[in-house]
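Commentary on secondary and tertiary structure
The chain contents come next:
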Amino acid sequence: MTITKNDETSRKTGKAAECCEEYEVHEHLLKIVNETLPDETKLYDLAELFKIFGDSTRIRILYVLFEAEVCVCDLASALNMNQSAISHQLRILKQNRLVKSRREGKSIFYSLADDHVRTILAQGEEHINEE
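Let us look at the structure shown here. Please read all numbers here as calculations on a predicted model, not as lab measurements. (Residues numbered from 1 in each chain as written. Predicted model: local features only at pLDDT ≥ 70, side-chain atom pairs only at ≥ 80, totals over all residues. Heavy atoms only, no water.)

1. Structural notes on the overall build of the chain
Put simply, the rule is: Put simply, DSSP H or I for four residues or longer makes a helix, DSSP E for two residues or longer makes a strand, and each gets a number counted from the N terminus. Throughout, exposure labels follow a simple rule: accessible area from a 1.4 Å probe, protein chains only, divided by the maximum for the residue type, with under 20% read as buried, over 50% as exposed, and the rest as partly exposed. The contact criterion used throughout is that any non-hydrogen atoms of two residues lie within 4.5 Å. All accessibility values rest on the Shrake-Rupley procedure with a 1.4 Å probe; residue burial counts only the protein chains present in the view.
Per the secondary structure count, the chain includes seven helices and three strands. Its helices and strands taken in sequence order, the chain reads α-α-α-α-β-α-α-β-β-α from the N to the C terminus. Residue burial in the chain is summarised as follows: out of 131 residues, 21% are buried. If you take every contact in the chain between residues at least 6 apart in sequence, the share linking residues at least 24 apart comes to 46%. Accessible surface, the chain as shown: approximately 10,400 Å² in total, 52% of it carbon and sulfur.

2. Remarks on helix H5 (residues 72-79)
Spelled out, the test is: By definition, the arc is the one covered by directions from the helix axis to the C-beta atoms.
Every buried residue of H5 is listed here: Val72, Leu75, Ala76 and Leu79. All buried residues of H5 project into a common sector of 100 degrees when viewed along the axis, lining one side. Facing away from the buried side of H5, by more than 90 degrees, are the exposed residues Ser77 and Ala78. Buried residues along H5 sit against helix H4 (56-67), strand E1 (70-71), helix H6 (83-95) and strand E3 (107-112). Directly beyond the C-terminal end of H5, a positive phi value near 55 degrees is found at Asn80.

Written out as structure tokens, the structure reads:
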């Protein structure tokens, strides 16, 4: 017995994915796609970026930083987590240029790196709230 993608979709969602009844390639559409599709490196980098958003702890940290610039102590308190766990996630967020830091005396304050991060979060929330 061969299991097709339709069978997999049916098993997971309870309904089959819709497919064309006949195989027909639309060359004019493929030409447009091939001219505009980013190269593999950019697609890989984009997929890696979205993996960062796949962790609820990192999303929680970003939402705190959406509201205010805070230090690790503030984040740990706000999220009821230990500083070590927060620092680990901040390192990942910083490596991926989603947050930035600045030193003030003995404290290091974190904030969102730029407005793109705000836009990504806002659009993601808007998408999940659609009916």
